[in-house]
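# Coordinate analysis (summary)
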Amino acid sequence: MRARSAALAALGLVLAVALASVILAFSGCSDRAGQARALQEQGHIEHALSLYKEILREHPEDTEALEQASVCLLLLGRYDEALVMQERVVALVPDNAQVRVELGFNYLNHQGRPADAARVLGEAASLEPSAKNLTFWAQALIACGDEARAEAVLRKAIESEPGYARSYEILYRLLSSQGRADEAQQLLEQAAAQGITLKKTPAG
């Protein structure tokens, strides 16, 4: 009986040590993430990135570390490296709209991949259909040459949030570029009714 009790006690000790190790590991990871965020906020981007990479060596699918490391890389102008991490976050987190926006603009502005930009920005707009996200999506659609769909998306953005100026600006440029002067003028007046002043283009 004593032998059995001793064995159970030993097993309990082993389990307690294992649990403590796990807690310490996650605690250490959390501490480093906090340090990294603090460094990032203070503008020490390289140092923050180093800490995020340490976390990722131990926890390759830590989505917070992946996302924040990608932000650091974007700030450092290392767009190709950021791309890899952004794509991993998008694959791991199906409901993260913000990283899709960041990835979309990386595709659009730095990778020469407007179709991929339109795809992920469309996903972001589906997840969070704000006027801002809809307008981002429309910009990618224009870059793809899909101006009709872009116009529809912009009109939806204006309808959903009439006070968001950027939607009017992009749609006004689109209408002016197509020689639709009357419609562009109507849009100027519509924006003015919301207290938004748009700069006329030569075509308008």
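Please refer to the structure higher up on the page.
Residues numbered from 1 in each chain as written. Predicted model: local features only at pLDDT ≥ 70, side-chain atom pairs only at ≥ 80, totals over all residues. Heavy atoms only, no water.

### Quick word on helix H3 (residues 63-75)
Spanning 13 residues, H3 covers 18 Å between terminal C-alpha atoms, matching the ideal 18 Å at 1.5 Å per step. Of all the positions in H3, only Ala65, Leu66, Glu67, Ala69, Ser70, Val71, Cys72 and Leu73 are classed as buried. Residue Gly77 follows H3 closely and has a positive phi angle near 75°. (Helix = DSSP H or I, 4+ residues; strand = E, 2+ residues; numbered from the N terminus. Expected span 1.5 Å × (residues − 1). Buried < 20%, exposed > 50% of the residue type's maximum accessible area, 1.4 Å probe, protein only.)

### A few points about helix H8 (residues 147-160)
Owing to its 3.6 residues per turn, the α-helix brings residues three or four apart onto one side. An ideal rise of 1.5 Å per residue puts 20 Å on 14 residues; H8 measures up with 20 Å between its terminal C-alpha atoms. Of the residues making up H8, those classed as buried are Ala150, Glu151, Val153, Leu154, Ala157 and Ile158. Taken around the axis of H8, the buried residues stretch over an arc of 165°, which confines them to a single face. Residues of H8 that are exposed and point more than 90 degrees away from the buried face comprise Ala148 and Glu159. Buried residues belonging to H8 abut helix H7 (131-143), helix H9 (165-177) and helix H10 (181-193). (Arc of directions from axis to C-beta. Contact = heavy atoms within 4.5 Å.)

### A few points about the pattern of salt bridges
Evaluation of the coordinates by the stated rule reveals 15 salt bridges. In this structure, Arg37 engages Glu64 in a salt bridge whose closest nitrogen and oxygen atoms are separated by 2.4 Å. Here the residue Arg37 occupies a position in helix H1 (residues 2-41), and Glu64 occupies one in helix H3, the gap between them amounting to 27 residues. A salt bridge links Glu87 to Arg113; the nearest nitrogen and oxygen atoms lie 4.0 Å apart. Here Glu87, found in helix H4 (residues 79-92), pairs with Arg113, found in the loop between helix H5 (97-111) and helix H6 (114-127); they are 26 residues apart in sequence, far enough to count as distant. Look at Glu87 and you get partly exposed, because its relative accessible area is 31%. Via salt bridges that share partners, Glu87, Arg100, Arg113, Asp116, Arg119 and Glu123 belong to a single interconnected network. (Salt bridge = Lys/Arg side-chain N within 4 Å of Asp/Glu carboxyl O.)

### Brief notes about the side chain of Ser70
One can find Ser70 in helix H3. Judged by its relative accessible area of 0%, Ser70 falls in the buried class. In this structure the side chain of Ser70 is engaged in a polar contact, spanning 2.6 Å, whose partner is the backbone oxygen of Glu67. Setting aside residues no more than four positions away along its own chain, Ser70 makes contact with Ala82, Met85 and Gln86. (Polar contact = N/O pair within 3.5 Å; in protein donor to acceptor, adjacent residues only side chain to side chain.)

### Focus on the nonpolar core
Tyr52, Leu121, Trp137, Tyr168, Leu171, Leu187 and Leu198 are the most contacted members of the largest nonpolar core, which has 57 residues in total. Residues contacting Tyr52, with those up to four places away along its chain left out, are Ala33, Ala36, Arg37, Gln40, Ala65, Gln68, Ala69 and Cys72. (Core = buried A, V, L, I, M, F, W, Y, C linked by side-chain atoms within 4.5 Å.)

### Let's talk about the packing of H7 against H8
In contact at an axis separation of 8 Å, H7 and H8 are set at 165° when each is read in the N-to-C sense. As judged from the angle between their axes, H7 and H8 are roughly antiparallel. As H7 runs across H8, the sense of the crossing is left-handed. Residues Ala131, Leu134, Thr135, Trp137, Ala138, Leu141 and Ile142 of H7 lie in contact with H8, whose contacting residues are Arg149, Ala150, Val153, Leu154, Lys156, Ala157 and Ser160. A breakdown of the residues in the contact of H7 with H8 according to their chemical character gives ten nonpolar, two polar and two charged. (Axes fitted to C-alpha atoms, helices over the stretch in contact; angles between N-to-C directions. Parallel < 35°, antiparallel > 145°, perpendicular 65-115°, else oblique. Left-handed = near helix turned anticlockwise from the far one by under 90°. Nonpolar A, V, L, I, M, F, W, Y, C, P; charged D, E, K, R; others polar.)

Shape descriptors only; they carry no functional weight alone.
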